[in-house]
Amino acid sequence: MIREIVVLPDEGLRQQTAEINEITSETLDLLDDLYDTMISGDGVGIAAPQIGAYVKIAIVQLDDSELLELINPKIILATGSDVFVEGCLSIPNVYGTVRRNEKIVVNYLDREGTQCQMIADEYLARVIQHEIDHLNGILFIDKMIAEIPENELEAYYEEHDYE
Ligand code: CO
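Now for a look at the structure at hand. (Residues numbered from 1 in each chain as written. Predicted model: local features only at pLDDT ≥ 70, side-chain atom pairs only at ≥ 80, totals over all residues. Heavy atoms only, no water.)

Considering the packing of aromatic side chains
Okay, so step 1: Applying the stated rule across the entire model yields four aromatic pairs.
Okay, so step 2: Aromatic pair Y156 and Y157: ring centres 6.3 Å apart, planes at 80°, arrangement edge-to-face.
Okay, so step 3: Looking at Y157, the relative accessible area reads 41%, which means it is partly exposed.
Okay, so step 4: Feature note: the residues F84, Y123, Y156 and Y157 constitute an aromatic cluster, connected by ring pairs. (Phe/Tyr/Trp six-rings, centres within 6.5 Å; stacked < 30°, edge-to-face > 60°. Buried < 20%, exposed > 50% of the residue type's maximum accessible area, 1.4 Å probe, protein only.)

See below:
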């Protein structure tokens, strides 16, 4: 089900979130709602607080990759750094550059409750870091180096090609 996306200045985006202790049918419904809402918003990732659920769940799906469902995600290793432009479904029409780690190792549970570990780099690593920040009430504008006007985005992408 597509849920309403919480946008700034809603205080909910600043809330801390609770760990998932047990995966229930509500957890699975939340994962499904996050997916429907992300797709309807044409996003590459979304975190539970963005639909008003204050638990540690986020999903990520880049155009060319499979859906990642992250329950209680935790970055256990992070290296390198790079700068690239970001946006957010909860902050419409704002885009700007953010420095992130280039490569991360993430521990998380999948929807079956299996403990998983993944290595991500480049754009995927960036999106995962953005979504995990949401679970701690942190938004990309908190880390923004420079805002990029919407009409300059295309030129930015042409000059700064991610893999
Ligand atoms: Co966001």
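Here we look at the side chain of T17
Okay, so step 1: Among the secondary structure elements, T17 is positioned in the segment before α1 (25-40).
Okay, so step 2: On the accessibility criterion, T17 (10% relative accessible area) is buried.
Okay, so step 3: One polar contact links T17 to K56, side chain to side chain, over a distance of 3.0 Å.
Okay, so step 4: A polar atom in the side chain of T17 sits 2.6 Å from the backbone oxygen of L135.
Okay, so step 5: In this view, T17 contacts P49, Y54, V55, K56 and L135; residues no more than four positions away in its chain are not counted. (Helix = DSSP H or I, 4+ residues; strand = E, 2+ residues; numbered from the N terminus. Polar contact = N/O pair within 3.5 Å; in protein donor to acceptor, adjacent residues only side chain to side chain. Contact = heavy atoms within 4.5 Å.)

Looking at the sheet that holds strand β4 (residues 82-86)
Okay, so step 1: Spatial ordering of the open sheet is given by β4-β5-β8, a layout of three strands whose pairing is antiparallel. In this open sheet, the two strands that pair with only one neighbour each are β4 and β8 (144-147). Here the average twist between neighbouring strands, direction ignored, is 30°.
Okay, so step 2: In the packing of helix α2 (residues 122-134) onto the sheet, the strands contacted are β4 and β5 (96-100), and the crossing angle to β4 comes to about 65°. (Pairing = 2+ DSSP bridges. Axes fitted to C-alpha atoms, helices over the stretch in contact; angles between N-to-C directions.)

With respect to the pattern of salt bridges
Okay, so step 1: One pass over the full model with this rule turns up nine salt bridges.
Okay, so step 2: A salt bridge links R3 to D33, with the shortest nitrogen-to-oxygen separation between them at 2.8 Å. Residue R3 is located in the segment before α1, and its partner D33 is located in helix α1; the two are separated by 30 residues in the primary sequence.
Okay, so step 3: The exposure class of R3 is partly exposed, given its relative accessible area of 26%. (Salt bridge = Lys/Arg side-chain N within 4 Å of Asp/Glu carboxyl O.)

The values reported here are purely geometric and, on their own, carry no functional implication.
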